[in-house]
Amino acid sequence: MSETQASTSRYQPQELELHWQQHWASAPTGSSASEAEAGTPFYALSMFPYPSGNLHMGHVRNYVITDVIARAARMRGHTVLQPMGWDSFGLPAENAAIERGVEPGPWTDQNIASMREQLKRLGLSIDWDREVTTCHSDYYRWTQWLFLQCLDAGLAYQKDATVNWDPIDQTVLANEQVDSEGRSWRSRALVEKRKLRQWFLKITDYAQQLLDDLDTLEGWPERVRTMQANWIGRSTGAELNFAVVAADGTTTDTTITVFTTRPDTIFGASYVVLAPEHPLVASLTTAEHQLAVEAFVDLVSRQSEQERTADDKPKRGVAIGAQVRNPASGELIPIWIADYVLAEYGTGAVMGVPAHDQRDFVFARQYALPVRPVIVPQGSDEHAFEGQAFTGAGVLIHSGRFDGLESSAAKAAIVAAAEAEGWGQGRVQFRLRDWLISRQRYWGCPIPVIHCDSCGVVPVPAEQLPVELPRNASFSGKGGSPLAQLESWWRVACPCCGQPACRETDTMDTFMCSSWYFLRYADPHNSSLPFGRDAVDHWLPVDQYVGGIEHAILHLLYSRFLTKVLRDRGLLGFDEPFARLLTQGMVQGITYKNPQTGKYIPPADVRDPSDPKDPLTGDALDTFYEKMSKSKYNGVDPAVVIERYGADTARMFILFKAPPEKDLEWDDADVEGQFRFMQRIWRQVETARNRGLSLDVWAADRSTVAAATRAVQALDTALNNSESDLRRAVHTAIAAIGDDLSDPYQFNTAVAELMKLSNAINAGLEECRQPIALEALSALLVLLAPFAPHLASELWQQLGGSGDVHQQPWPVCDAQALVRDTVPLVIQIKGKVRGNLEVPADADKATLEQLALASDIAAKWLEGKPPSRVIVVPGKLVNLVP
Ligand SMILES: [Zn+2]
């Protein structure tokens, strides 16, 4: 399609893009990364998709951003790894099996095939030889192997636990998968509590490292680092022991240990609260409180964690009749149980200090418990407790030997006294809890262990991996794992003793599969290990990771954890998996909603968008932008946009419309605008070819733009004004776009710079000599290449460029071209702008005054009289006051 014919032709993106996509597939240039290549490695990674079968605009935005970064890195001399794969275990496939009777495996493979074709239509420079699919046994074999590494390291264990149960998806969820309203991240069901035997990974062993190393992640958004730090939730304080006192007043051997971040308030403790599930509750409750306590425990067991701890919910509790001795003051105080204390956090017991904790204050007021101030603000003797606890730091009162100490000194002194006298110790506590990875579903990676009555939990020997999912499962959707119903699958001989034993029937959380996929890309065909250490150490950490903010905690925290575990097992040699992270904003579509009925109206049904009405009721509609979704009819199908305008236009629009981290509002008019820009570049090259311009004069040079720049510098006569203006535009664009393609990425301003350069070429190319014209055209195409790769390739070939435009090095800015010989000087008469004057850029004040006075503007407005005053602002203006 590139014969040099001097005529007019039309920009037909569909035909042109398919041609280049086929060309790239048959002769990959740069997209297949080899460890042996000379350039420094650069790993550009998009978060891999779940294969739903349909590519949506959010995917397109994510992958286009990564592709521009990858292409720019290649032109800068890096050897780039840009892979793609499929996060393909999970509930949608199992639900399809239940609803439609299809098998999850083939259903998933079909979706993958269809999405892979849609992805290829975007012109992404992906190395498809490294594709990974988490539901294929050549991948999940290694997920199982990594689980066994965790088991061997003592980091995988089973325990009975009160867990989050999703009643819709009929499975348990990790804490990270329950949102702040207590709903499932996937099904949106209100999560219930159940007691089940489950597998956990000991992420808490790494809590301090996961927190500390956030400081090293300078290429991550601050927001994501803060979210992780809050989730890990480190607090320093003390564990203090309150001895239980018998009914006759004697101190017993039983103690209740509380965790507090405010040991300085211990003299203000007027009760102790246990979680209703606390193991001491049953034995300490006195006979006359028995019935009330049992009723209360039953009530609380039916509440979710969120209901129990939400700030706006009332706190409820009952006394259990027993007492403890406050170890600091010696005073006897009552034991209560209350819904707001959780067994899973800390010690499952807290001391109630109503004067200095708002939640305790509310609770104490409700149950008429004493409120005893023991801290006053610095510089005052009293604090009025008018409906509020005083939660700040201050000075201790009513605290015996600690009176007069300031809070932080008092904390240290009280912890020291507790340690010396044996009633407590300093303690660090984390909010993070162990990662629950058991799922009672079929379409996941089987947990590779066998339960034997004699030997206990026996790992499946490595040479017997993978433990494959059976094909003949039945899907009822009635709950319970389909694997548990397949006795022929789970009944096996124990690998240790040979006696009859059972396979584990739980599968792993799919987040386990996705917490190491970025390692497999480095060595995807390794059949003896999940990856070789040399390969992962060569490519990782990932230089630029791109994905949605919704993974700020879940996926990113689990991946950081597993990386540290594998480092400690000697399997890799770095601390963090992702050096830099870009969280791209959402793609939003125009949304119409009838405020009367609450119904969403498809944009196609809205006749007049400037005055939108419900076609059925005639009600005026609310119009706004919201994340694209099927239920709101506000989605735009990438395939339709590509069919109409081509992938290059879609890419240009997405990059131009908003900075990468910000939400993007889809706008058809702006898509049209980018399509016209592509057409204009097409015509500019065509006009140049019709003039006989060709880049083939520099076919022997590695960098065409550099060769053109040298030819310009060798010209033996000075540049005319059009020539120096065009050169300035070219090298301004080279510098600015180079800057925009470095973190922080500014693709939107980079596209704006391309438009400016194209304008400058329109304005001045005809008055320019050949080397200057060719320098401008070659720079335009080379700079365009990462953004609109198909059009840049096609026009590069049409214009006689040598080889592939994507193998051109990134052009270098000629600083000399940026220097202005003359600058425009504004001439004002009595403060009013009356015209402009081109003056030498280096003219001094006196010269500027002379030039202004000698100008036609002065002659016209001063009518020959000398001005009474002259104000000169060098480089800007001269104001002549008559
Ligand atoms: Zn055994």
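Residues numbered from 1 in each chain as written. Predicted model: local features only at pLDDT ≥ 70, side-chain atom pairs only at ≥ 80, totals over all residues. Heavy atoms only, no water.

So, the overall build of the chain
- If you tally the helices and strands in the chain, you get 28 helices and 33 strands.
- In terms of principal-axis extent, the alpha carbons of the chain reach across some 110 × 80 × 65 Å.
- Relative to its 882 residues, the chain shows a buried fraction of 52%.
- When contacts within the chain are restricted to residue pairs at least 6 apart in sequence, those whose partners lie at least 24 apart make up 72%.
- Carbon and sulfur atoms form 50% of the exposed surface of the chain, whose accessible area is close to 38,000 Å². (Helix = DSSP H or I, 4+ residues; strand = E, 2+ residues; numbered from the N terminus. Buried < 20%, exposed > 50% of the residue type's maximum accessible area, 1.4 Å probe, protein only. Contact = heavy atoms within 4.5 Å. Areas by Shrake-Rupley, 256 points an atom, 1.4 Å probe, with all protein chains shown as cover.)

Examining the sheet that holds strand β30 (residues 822-829)
- The strand order β31-β30-β33-β32 describes an open sheet built from four strands, whose pairing is mixed. Sheet topology places β31 (832-840) and β32 (869-873) at the edges, where each strand pairs with a single neighbour. Direction aside, neighbouring strands of the sheet carry axes that sit 20° apart on average.
- Direction of pairing for β30 relative to β31: antiparallel, over a ladder of eight bridges. Across the sheet, residue Thr822 finds its bridge partner in β31, namely Pro840.
- Relative to β31, helix α27 (residues 845-853) is tilted by about 120°, and along the sheet it contacts β30, β31, β32 and β33 (877-881). (Pairing = 2+ DSSP bridges. Axes fitted to C-alpha atoms, helices over the stretch in contact; angles between N-to-C directions.)

Quick notes on the pairing of strand β9 (residues 251-260)
- When strand β8 (residues 234-245) meets β9, the two strands line up antiparallel, connected through seven bridges. Among the inter-strand pairings, Leu240 is bridged to a residue of β9, identified as Val258.
- Between β8 and β9, which pair antiparallel in sequence order, lie five residues; one of them, Gly249, sits at a positive phi of approximately 95°.

Points about helix α23 (residues 747-764)
- In a regular helix each residue adds 1.5 Å, so 18 residues correspond to 26 Å; α23 covers 26 Å between its end C-alpha atoms and thus fits that length.
- Along α23, the residues that are buried comprise Phe747, Asn748, Ala750, Val751, Glu753, Leu754, Leu757, Ser758, Ala760, Ile761 and Gly764.
- Summarising the contacts, the buried residues of α23 are in contact with α2 (57-75), α19 (647-657), α20 (668-690), α22 (721-740) and α24 (770-784). (Expected span 1.5 Å × (residues − 1).)

Brief notes about the packing of aromatic side chains
- The full count for this structure, using the stated rule, is 29 aromatic pairs.
- A centroid spacing of 5.6 Å and a plane angle of 15° characterise the contact between Tyr157 and Phe200, whose relative ring orientation is stacked. On the criterion of sequence distance, the pair formed by Tyr157 in strand β5 (residues 156-166) and Phe200 in strand β7 (residues 192-201) is long-range, its members being 43 residues apart.
- Where Tyr745 meets Phe747, the ring centres are 5.5 Å apart and the plane angle is 10°; that geometry is what we call stacked. Residues Tyr745 and Phe747 agree in their burial class; the two are buried.
- Here a set of aromatic residues connected by ring pairs shows up, and it is made of Phe48, Tyr517, Phe518, Tyr521, Tyr545 and Phe578.
- The ring of Trp231 has Arg431 lying over it, and the distance from NZ or CZ to the ring centre is 4.6 Å. (Phe/Tyr/Trp six-rings, centres within 6.5 Å; stacked < 30°, edge-to-face > 60°. Lys NZ or Arg CZ within 6 Å of the ring centre and 35° of its normal.)

Quick word on the confidence of the model for the chain
- Summary statistics for the chain give a mean pLDDT of 92 and a share of 97% for residues scoring 70 or more.
- Below pLDDT 50 for its whole length, residues 1-6 participates in 13 contacts with residues either more than four positions away or in separate chains. (pLDDT = per-residue confidence, 0-100.)

Notes on the nonpolar core
- Membership of the largest hydrophobic core comes to 96 residues, with the highest contact counts inside it found for Trp666, Phe787 and Leu791.
- Apart from the residues lying within four places of it in its own chain, the contact partners of Phe787 are Val68, Arg651, Met652, Leu655, Ile737, Leu741, Phe747, Ala750, Val751 and Leu754.
- Within the second largest apolar cluster, 91 residues are counted, among which are Leu486, Ala501, Tyr517 and Ala522. (Core = buried A, V, L, I, M, F, W, Y, C linked by side-chain atoms within 4.5 Å.)

Overview of the sheet that holds strand β6 (residues 171-173)
- Strands sit in the order β6-β5-β7-β17 across an open sheet of four strands; the sheet is antiparallel. In this open sheet, the two edge strands, each paired with only one partner strand, are β6 and β17 (435-436).
- By the bridge criterion, three bridges tie β5 to β6 in an arrangement that is antiparallel. Note on β6: the bridge partner recorded for Asn164 is Leu173.

Focus: helix α1 (residues 13-26)
- With 14 residues, α1 should cover 20 Å at 1.5 Å per step; its first-to-last C-alpha distance of 20 Å lies within 8% of that length.
- Residues of α1 that are buried in the fold lie against α2, α4 (104-120), α18 (638-645), α19, α20 and α25 (789-798).

Some words on the environment of Cys455
- Structurally, the position occupied by Cys455 is in the loop between β19 (449-452) and β20 (456-459).
- Distance from Cys455 to Cys494, taken between C-alpha atoms, is 8.1 Å for residues 39 residues apart in sequence.
- If we skip the residues at most four places from it in the chain, Cys455 touches Cys494, Cys496 and Cys497.

Observations regarding the pairing of β19
- Where β19 lies against β20, four bridges are found, and the strand directions are antiparallel. The residue bridging Cys452 from the neighbouring strand is Gly456, located in β20.
- The antiparallel pairing of β19 with β20 creates a hairpin that spans three residues between the two strands.
- For β19 and strand β22 (residues 500-503), the ladder comprises two bridges, and the chain directions are antiparallel. The residue bridging His451 from the neighbouring strand is Cys502, located in β22.

Quick notes on the environment of Leu124
- Tracing the sequence through the fold places Leu124 in the loop between α4 and β4 (132-133).
- Sequence separation between Leu124 and Asp312 is 188 residues; the distance between their C-alpha atoms is 49 Å.
- Among all residues touching Leu124, those that are not within four sequence positions of it are Tyr63, Val64, Asp67, Arg71, Leu119 and Arg651.

Quick look at the coordination of the zinc ion
- With distances of 2.2 to 2.4 Å, the protein atoms coordinating the zinc ion are Cys452 (SG), Cys455 (SG), Cys494 (SG) and Cys497 (SG).
- For the zinc ion, the four donor atoms are set out with angles of 105 to 113° between them, so the coordination reads as tetrahedral.
- Mapped onto the polypeptide sequence, the residues donating to the zinc ion form the spacing pattern C-x2-C-x38-C-x2-C.
- In this structure Cys452 comes out as buried when scored by relative accessible area, which is 6%. (Donors = N, O, S within 2.8 Å, 3.2 Å for Na, K, Ca; no water. Tetrahedral: all angles 85-135°; square planar, octahedral: opposite > 155°, others 65-115°.)

What to know about the packing of α20 against α23
- At a minimum axis separation of 11 Å, α20 and α23 run at an interaxial angle of 40°. Classified by the angle their axes make, α20 and α23 are oblique. Here α20 and α23 pass one another in a crossing that is left-handed. Here α20 contributes Gln674, Phe677, Arg680, Ile681 and Gln684 to the contact with α23, which in turn contributes Val751, Leu754, Met755, Ser758, Asn759, Ile761 and Asn762.
- Taken together, the residues of the contact of α20 with α23 sort by class into six nonpolar, five polar and one charged. (Parallel < 35°, antiparallel > 145°, perpendicular 65-115°, else oblique. Left-handed = near helix turned anticlockwise from the far one by under 90°. Nonpolar A, V, L, I, M, F, W, Y, C, P; charged D, E, K, R; others polar.)

Some details on the packing of α19 against α20
- Relative orientation of the contacting elements α19 and α20 amounts to 120°, with a least axis distance of 9 Å. In terms of their interaxial angle, α19 and α20 are classed as oblique. Our pair here, α19 against α20, has a crossing hand that is right-handed. Where α19 approaches α20, its residues Asp648, Thr649, Met652, Phe653, Phe656 and Lys657 are matched on the opposing element by Asp670, Val671, Gln674, Phe675, Phe677 and Met678.
- Residue composition of the contact of α19 with α20, by class: seven nonpolar, two polar and three charged.

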